[in-house]
Amino acid sequence: PGAARSEADEMTLHWTPRERRFTLLHALGLTGVTGLLVARFVPVARLPFWRCVFREHTGWPCPGCGLTRAADGLAHLRLGFAFESNPLGALVGCLLAAAAVLGLVQWLFRLSLPVPRLSTGEARAGRAAVVAALLANYAFVIVQTRLGWR
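Per-chain numbering applies: the sequence of each chain, read as written, is numbered from 1 onward. pLDDT decides what is reported in this predicted model: residues at 70 or higher carry local features, side-chain atom pairs at 80 or more are listed and counted, and totals for whole chains, interfaces and linings draw on all residues regardless. Hydrogens and water molecules were not included; the side-chain quantities draw on all heavy atoms of the structure.

Focus: the overall build of the protein
By definition, any uninterrupted DSSP run of H or I lasting at least four residues is a helix, any uninterrupted run of E lasting at least two residues is a strand, and each is numbered from the N terminus. Looking only at helices and strands, the protein has 6 helices and 2 strands in total. Shown N-terminal to C-terminal, the secondary structure of the protein runs as helices and strands in the order β-α-α-α-α-α-β-α. Relative to the compact-globule value of 15 Å for 150 residues, the protein shows a C-alpha radius of gyration of 19 Å, a clear excess of over 25%. Here the C-alpha coordinates of the protein stretch approximately 55 × 50 × 25 Å along the principal axes. Burial status across the protein gives 21% buried among its 150 residues. The criterion used for residue contact is that any of the two residues' heavy atoms lie within 4.5 Å. Considering only intrachain contacts with a sequence separation of at least 6, the fraction spanning at least 24 residues in the protein is 68%. Throughout, the Shrake-Rupley method with a 1.4 Å probe supplies accessible areas, and for residues the shown protein chains are the sole cover considered. When the accessible surface of the protein is split by element, carbon and sulfur atoms take 69% of a total near 10500 Å². What the globule rule says is 2.2 Å times the number of residues to the power 0.38, and the radius of gyration is computed from C-alpha atoms. Three labels apply to residues, based on accessible area from a 1.4 Å probe with only protein chains included: buried if under 20% of the type maximum, exposed if over 50%, partly exposed otherwise in between.

In C-alpha cells form, the structure reads like this:
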C-alpha cells in the first residue's frame, strides 16, 4: 500500500531541436578543449606564480590539489597519473573532452539530443551525490598527501 507515483515524480526526457545553436554542451566542450590544450602546450606548473597559497600557509592540501597534474596527465594521455593526482578532476576532464566530441558531432550533423528533466527527489539525490563525490575526492587528496604518497 505505497503512495501512487505521479508522472511529476519521475525523470523525463525532452529532445533538443535539430538545429545549430551554441548551447551549454558546446560551452563545456570548448572549455574542456581549451583547458586540455593549455595543459598540453603551456608548462603551467613551472610558472613562478603558480602555487597553492592555502597549502603554503597551512601545510594541508586544498580541495583542488592535484588538478594541474591531472590536467597535464590527461593532456599527455597518462590517464593513470591523472586519476592518481585528482580522481574527480580527471573524471571531469574526461567528461569535458566527451562533451567536446559530442558537441562537434551534434553541430556537424544537427543531431537532436536528449535533455533529462529530473523530479525534485532525483535532483536532490543528484546534488547529494555531487557533494559526496567532492568530499570523497578531498578525503582522497588529504590521505594521499598527508601519508606522503606524492
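From this point, things continue past the structure.
Some thoughts on the packing of helix 3 (residues 67-75) against helix 5 (residues 87-109)
Angular values range over 0 to 180 degrees, each being the angle between N-to-C directions of two axes fitted as lines to C-alpha atoms, with helices fitted over their stretch in contact. It is the contact of helix 3 with helix 5, at a shortest axis distance of 9 Å, that shows an interaxial angle of 45°. It follows that helix 3 is oblique to helix 5 by the angle criterion. The element helix 3 and its partner helix 5 pack so that their crossing is right-handed. Between helix 3, through Leu67, Ala70 and Leu74, and helix 5, the contact on the second element is made entirely by Gly89, Ala90, Gly93 and Cys94. Geometric relationships in this document are graded by angle, where less than 35 degrees denotes roughly parallel, more than 145 denotes roughly antiparallel, 65 to 115 denotes roughly perpendicular, and other angles denote oblique. Left-handed describes a crossing in which the near helix is turned anticlockwise from the far one by less than a right angle; the clockwise case is right-handed.

Here's the deal with the pattern of salt bridges
We count a salt bridge whenever a side-chain nitrogen from Lys or Arg sits within 4 Å of a carboxyl oxygen from Asp or Glu. The tally for this structure, following the rule as stated, stands at 3 salt bridges. With a shortest N-O distance of 2.6 Å, arginine 21 and glutamate 19 are connected by a salt bridge. Taking the relative accessible area as the measure of exposure, glutamate 19 reaches 32% and is therefore partly exposed.

Some words on the environment of cysteine 94
Among the secondary structure elements, cysteine 94 is positioned in helix 5. It is 7.8 Å that separates the C-alpha atoms of cysteine 94 and leucine 74, two residues lying 20 residues apart in sequence. Apart from residues lying up to four places away in sequence, cysteine 94 is in contact with Leu74 and Phe83.

Thoughts on the packing of aromatic side chains
Side-chain rings of Phe, Tyr and Trp (the six-membered ring for Trp) are treated as a pair once their centres are within 6.5 Å; stacked means planes under 30 degrees apart, edge-to-face means over 60, and tilted covers the remaining angles. Applying the stated criterion across every chain yields a total of 0 aromatic pairs. Here, a charge over a ring means that NZ of Lys or CZ of Arg falls within 6 Å of the ring centre while also lying within 35 degrees of the ring normal. Arginine 78 extends its terminal NZ or CZ atom over the ring of phenylalanine 81, reaching a point 4.7 Å from the ring centre. Cation over ring: arginine 146 sits above tryptophan 60, and NZ or CZ is 4.0 Å from the ring centre.

Topic: a nonpolar patch on the surface
A patch consists of residues whose relative accessible area exceeds 30% and which take part in no salt bridge; residues with like charges are grouped when within 9 Å of each other, and nonpolar side chains (Val, Leu, Ile, Met, Phe, Trp, Tyr) when within 5 Å. A surface patch of nonpolar side chains, amounting to about 870 Å² of accessible area, comprises Phe22, Leu30, Val101, Leu104, Val105, Trp107, Leu108, Phe109 and Leu111. Among the elements that line the nonpolar patch, the one with the most residues is helix 5, at 6 residues. Within the fold, leucine 104 resides in helix 5.

It is worth stressing that arrangement in space is one thing and function is another; only the former is reported here.
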